[in-house]
Amino acid sequence: MIINHPLLGPRDSAEFTYMGDARLINRPDWQADDAVAQFTDYGYLRDNPAGAHRELWFHEGGDRSWLVVTRDTTTHEITNVELARDVARAEGRSK
Amino acid sequence: MTQSNRLDGGLIDRSETWSFRFDGKWMKGHKGDTLASALLANDVRLMGRSFKYHRPRGPLTAGSEEPNAIVELREGARKEPNTRATTAELFDGLRANSQNRWPSLAFDAMAINDRLSQFFAAGFYYKTFMWPAAFWEKVYEPIIRKAAGLGTLSHKPDPDTYDKGFLHCDVLIIGSGPAGLAAALTAGRSGAQVIIADEDFLLGGRLNAESFALGDDPAHVWAAQTVAELQTMPNVRVMPRTTIIGAFDHGIYGAVERVSDHLATPEDGKPRQILWRIYSKRAILAAGATERPIAFEMNDRPGIMLASAMRSYANRWAVTPSHQVAVFTNNDDGHRTAADLLAKGVTVAAVVDTRSDAPKTSDYETIAGATVTNTQGRLGLTAVEVTLASGTTRTLAVGGLGVSGGWNPNVHMTCHQRGRPTWNADIAAFVPGGALPTGLSVAGAANGDLSTHGALMGGMHTAQSVLNDIGLASDALTLPPAEDAPVNVTPFWHVAGAKRAWLDQQNDVTAKDVVLAHKENFTSVEHLKRYTTLGMATDQGKTSNMAGLAIMAEVAGKQIPDVGTTMFRPPYTPTAIGAFAGRSRDKDFRPVRKTPSHVYAEEQGAVFVEVGMWLRAQWFPQPGETHWRESVDREVAQTRKSVGICDVTTLGKIDVQGADAAEFLNKIYCNPFAKVPVGKVRYGLMLREDGIAMDDGTAARMAEDHFVVTTTTANAVGVYRHMEFVRQCLFPDMDVQLISTTEAWAQFSVAGPNARKLLQKVVDPEHDISNEGFPYMACGDITVGGGLRARLFRISFSGELAYEIAVPTRYGDALVRKMMAAGEEFGATMYGTEALGVMRIEKGHAAGNELNGTTTALNLGMARMVSKKKDSIGSTLSERAGLNQDDALKLVGFKPVDSKNPVPAGSHLMTKGDPVDAAHDQGYVTSACYSPELGHHIGIGYLKAGDTRLGETVRLVSPLTGVDHDVQVVSAHFVDPEGDRVRA
């Protein structure tokens, strides 16, 4: 597969390490009343879509960016690649 | 033996006559021959034995789809079993042997299977070896394994090298027949970056096998001229002997280039094969079509081959399987074979055409509306029996029979991304359909355009279309006029009533087997394949699957497209495992990382151990030491008595800088870091988000905004990845930067009561490293050897007064030599990973065995370290009830009640008097060693509520290794539990 890195252009997927569902960005608030339940969902529950899937790839053999790659799990077509940091900021994460 | 079956003409080089040996007999052939064509030239039709029944077989084809003529090529370590004689290029001195026969090809004792064939029908293995179950492993499987397989391995290391390479192009063209050449010419002239690859050593595809002209020249001349033009273009890479083996994601193709297979041995410095990964913007599949046979009674005798193969042998290689031949066809193309062989002076007894309206000619006899219903000849065809439309039979005395059942487009590559072909009734064949791999187009016969004109035009137009896609303008070619015969075919798959009509000749699957499988309710095409083994041989059913599907459709009362096809998967043809391995074998299997003190350690005679990719000194044997324990015990004793030095460069080092560096470490580690003063080191425990311990190490605060973090050797990569995840994905606005500096710094542990005295001789005198000036857990920038920048950390893994000293990597060798020279007066010793391990077990420090991916801070005895006042990775889930039971495992030490006994790691712990079973398991030993300090074996490990059971005697068992004795539960800190030594 070829991943179109937002900064570096098209790179072979062999340069990357895969981690899975990009929802791992949405880490719960540790001070919530039901924090343990929220963290359990966060840690263990994943959707397994046949189709578009947003997932985390780490450019380990490259610039060490974490990317959010939108990939169709049935065709491997990649429709979007973003810097995970930008995604995290857009979802309200900061410090 | 003379080349009695050699004809005139052909594309061989008769000025080069080469000798080759087959089954011990020397024969002659020419440059341009394949092993199969050279054998046929020498009147050798019998080339192999089939897999199951050991039936005598000759070549069915003249290409890579060959099921029968499978031989062992070469000898000694280069012997390669299951090689197709039809694609093996002849070279002078080639040696080949037939396989799957004993004692000889002509007389094969295992051919008795053929007599017993009524017992070996489809599903024979499943039906016969059912009972008793215990017989499978001991009786049936060894017998089956011995009888199975065709060729044999050399059992020697492969002496050849294999390379891997990467290529990029605008357009990849797969196949160099008329469609491929027209496409390549169009794309090449447009200026696009083009790769054209063909598995054959002579480019041109069928143009080299046909007698017709393209314009004014023979077809092969146009092919050669076109190839010559392509070879002059700097933007075109022409790759003969290169098989595209698979279509992968996003326009990536795998290719195997056989660089040296046509030579006796590779040229100096050249690989045998190269596995290419080709990145293409667009690809054009011009893989042509494969003729399919018709199944009839005893259709497998040597001399019976595809009509197109017979034509290839005559036109390209100037050979014929016999001087008397016949043709059996259901379409017009079969008649071409008759005409071409006739033109070459071969006697054509007749063309047997299944169609009642078969075309007639005065050149040879056409027997219309007839079928071949039997054949004769034990080791080679001598006659065929023809049943006429009237029902009467007639015998033709021939040594060769060309069979044509129509052509199947080579759709394989179009299906590698789960596309499924569609049925085209006009040519009675599957053509590319469904979703093709990204960027792939199909042209020519592979697309169902079976005429030469159609292929040329298809190649050109497809190229123009894909060039337009990628923004390149192209001109139309002036192509030569070419034959444009319509496809006249009446589907005819098998002659009814045959008892032994072979479909898959390599695996001996008959038309009857398909019918039997259907009767036994194997109605899915994928089940049919596996039950009968149809299409599961080395040729993957390229000539047999279609007839199997057709017969299945017939017995099921379905249409062929409703039966469907099995999945096509890479590789397209068998590929040497060596090509996939490339250079990654033996010592080069993966990179070796050497520590900065490697050369010095080698000089000291160190024994090395692989840790990850690192080679680390395991121990340093001294003269007279005969057992590793002697060396290790000495290294431990000397370190604890005076001073020892160990290379710890392999531990991961991560530089953490930025205004939020401390806050970042607060997230990474479960214990607090915000208040660590500059110049101090703190031990840190890192949890996974699920609350399980991930790694541990130290973080040294070099400045307000600068930490140096260490990780374990094994987890260095994973911890860095995790820290980047936390930084980029969870806290994107933290002012913090990370970089791995593992290889930038050479780091040594200097441990033992004389460690300070030694270092004081090395560290520049302006730096105060006295106990007061540089206390336990201090860190700082220093200089050594007169101004070389260095870092010093007062941390201890051994439990002794110890430091870790780091210098830029290139000074590591000099530093270790300087320190050992400075330590000579103290009797300083180098110590390796074994002594390191012994000392940390004696001290009760956790390592990889304890942080094993199942244990928590609570298990490690560090529950209080998990701060509840801050958010850190894993802190929330570490509070889960399941991880905090009263009887949770706790890290404790064990010593044997009988001091002679060892405490083997991996042994389990049982409460005295309890049964030894999983339900009563109390824990297990994680690390163990002989303690030179205590004079007996010790262990550390996890015991349920272990911290409350100090002093208890428990039973240590390992049913697998026979361990069963008592050990006493003690503190894990065997040496200096108060920590006085590290603070001395």
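Up top is the structure.
Everything quoted here is computed from the prediction, not taken from an experiment.

## What about empty space enclosed by the protein?
Residues and elements named next belong to chain B.
Phase 1: Across all of its chains, the model carries 8 cavities of 30 Å³ or more by this definition.
Phase 2: As a volume, the largest cavity reaches approximately 310 Å³.
Phase 3: Looking at the largest cavity, it is lined by 21 residues, and the ones nearest its centre are Asn408, Gly541, Asn545, Met546 and Phe568.
Phase 4: Taken together, the residues that form the lining of the largest cavity break down as 10 nonpolar, 9 polar and 2 charged.
Phase 5: Taken domain by domain, the makeup of the lining of the largest cavity includes at least three residues from each of domain 2 (164-289 + 409-469) and domain 4 (493-556).
Phase 6: Estimated volume of the second largest cavity: approximately 120 Å³.
Phase 7: Class assignment of the residues belonging to the lining of the second largest cavity gives a composition of 4 nonpolar, 6 polar and 3 charged.

## Some remarks on the sheet that holds strand S21 (residues 371-376) of chain B
Residue and element names in this part refer to chain B.
Phase 1: Spatially, S21-S22-S23 is the arrangement adopted by the 3 strands of the open sheet, whose pairing is antiparallel. On the outer flanks of this sheet lie S21 and strand S23 (393-396), each paired with one strand and no other. Along the sheet, successive strands turn relative to each other by an average axial angle of 25°, direction set aside.
Phase 2: In this sheet, S23 lies alongside strand S22 (residues 383-387) in antiparallel orientation, the contact comprising 4 bridges. Each residue of the ladder has a partner; that of Val384, found in S23, is Leu396.

## So, the interface of chain B and chain A
Phase 1: Facing 31 residues of chain B, the contacting portion of chain A comprises 32 residues.
Phase 2: Carbon and sulfur atoms make up 54% of the area that chain B and chain A hide from each other, which totals about 3,000 Å².
Phase 3: Per-residue buried area on chain B facing chain A is highest for His250, Arg721 and Gln728 of chain B; these three make up 20% of the total on that side.
Phase 4: The interface formed by chain B and chain A includes 6 salt bridges.
Phase 5: The residue Lys95 of chain A makes a salt bridge to Asp660 of chain B at a minimum N-O spacing of 3.2 Å.
Phase 6: Here chain B is connected to chain A by 20 residue pairs in polar contact (both at pLDDT 80 or more).
Phase 7: Among the elements of the structure, strand S15 (273-285) and helix H18 (716-730) of chain B are those that each provide at least two residues to the side of chain B that touches chain A.
Phase 8: No other element matches H18 of chain B, which puts 9 residues into the side of chain B that touches chain A.
Phase 9: Across the side of chain B that touches chain A, the residue classes tally to 12 nonpolar, 5 polar and 14 charged.

## Looking at the packing of aromatic side chains
Phase 1: By the definition in use, this model includes 14 aromatic pairs over all chains.
Phase 2: Among the aromatic side chains, those forming a connected cluster through ring pairs are Phe16, Tyr18 and Trp57 of chain A.
Phase 3: Over the face of the ring belonging to Tyr572 of chain B we find Lys542 of chain B, whose NZ or CZ atom lies 4.6 Å from the ring centre.

## So, the pairing of strand S41 (residues 779-784) of chain B
All names here are of chain B.
Phase 1: Burial analysis of S41 places 5 of its 6 residues in the buried class, which makes it a mostly covered element.
Phase 2: Here 6 bridges tie S41 to strand S42 (residues 788-793), and the two strands are oriented antiparallel to one another. Within S42, the position partnered with Val784 by the bridge is Leu788.
Phase 3: Where S41 folds back on S42, the antiparallel hairpin that results is connected by 3 residues, among which Gly785 adopts a positive phi of roughly 55°.

## Things to note about the side chain of Thr452 of chain B
Residue and element names in this part refer to chain B.
Phase 1: Tracing the backbone shows Thr452 in helix H9 (residues 452-469).
Phase 2: Since its relative accessible area comes to 7%, Thr452 is described here as buried.
Phase 3: Thr452 has contacts with Pro178, Leu207, Phe212, Leu214, Ala482 and Glu483, leaving out every residue within four places of it along the chain.

## As for the packing of helix H10 (residues 511-519) of chain B against helix H12 (residues 545-556) of chain B
Residue and element names in this part refer to chain B.
Phase 1: Axis separation between H10 and H12 bottoms out at 9 Å; the angle between their running directions is 45°. Considering the angle they form, H10 stands oblique to H12. Crossing handedness for the pair H10 and H12: right-handed. Between H10, through Ala511, Val514, Val515 and His518, and H12, the contact on the second element is made entirely by Gly548, Ile551, Met552, Val555 and Ala556.
Phase 2: Of the residues contributing to the contact of H10 with H12, the split by class is 7 nonpolar, 2 polar and no charged.

## Remarks on the environment of Trp30 of chain A
Phase 1: Here Trp30 of chain A shows up in the loop between strand S3 (17-21) and helix H1 (35-44).
Phase 2: In this view, Trp30 of chain A contacts Ala35 and Phe39 of chain A together with Lys868, Lys869, Lys870, Asp871 and Thr876 of chain B; residues no more than four positions away in its chain are not counted.

How each quantity is defined
- Residues numbered from 1 in each chain as written.
- Chains lettered and ligands numbered in written order.
- Predicted model: local features only at pLDDT ≥ 70, side-chain atom pairs only at ≥ 80, totals over all residues.
- Heavy atoms only, no water.
- 1 Å grid on protein atoms, 1.4 Å probe; cavity = no way out; pocket = protein on both sides within 12 Å on 5 of 7 lines; lining within 4 Å.
- Points joined across faces, edges and corners; volume = space filled by probe spheres on them.
- Nonpolar A, V, L, I, M, F, W, Y, C, P; charged D, E, K, R; others polar.
- Domains from an automatic or database assignment.
- Pairing = 2+ DSSP bridges.
- Helix = DSSP H or I, 4+ residues; strand = E, 2+ residues; numbered from the N terminus.
- Axes fitted to C-alpha atoms, helices over the stretch in contact; angles between N-to-C directions.
- Contact = heavy atoms within 4.5 Å.
- Buried area = accessible area lost by both parts, 1.4 Å probe.
- Salt bridge = Lys/Arg side-chain N within 4 Å of Asp/Glu carboxyl O.
- Polar contact = N/O pair within 3.5 Å; in protein donor to acceptor, adjacent residues only side chain to side chain.
- Phe/Tyr/Trp six-rings, centres within 6.5 Å; stacked < 30°, edge-to-face > 60°.
- Lys NZ or Arg CZ within 6 Å of the ring centre and 35° of its normal.
- Buried < 20%, exposed > 50% of the residue type's maximum accessible area, 1.4 Å probe, protein only.
- Parallel < 35°, antiparallel > 145°, perpendicular 65-115°, else oblique.
- Left-handed = near helix turned anticlockwise from the far one by under 90°.

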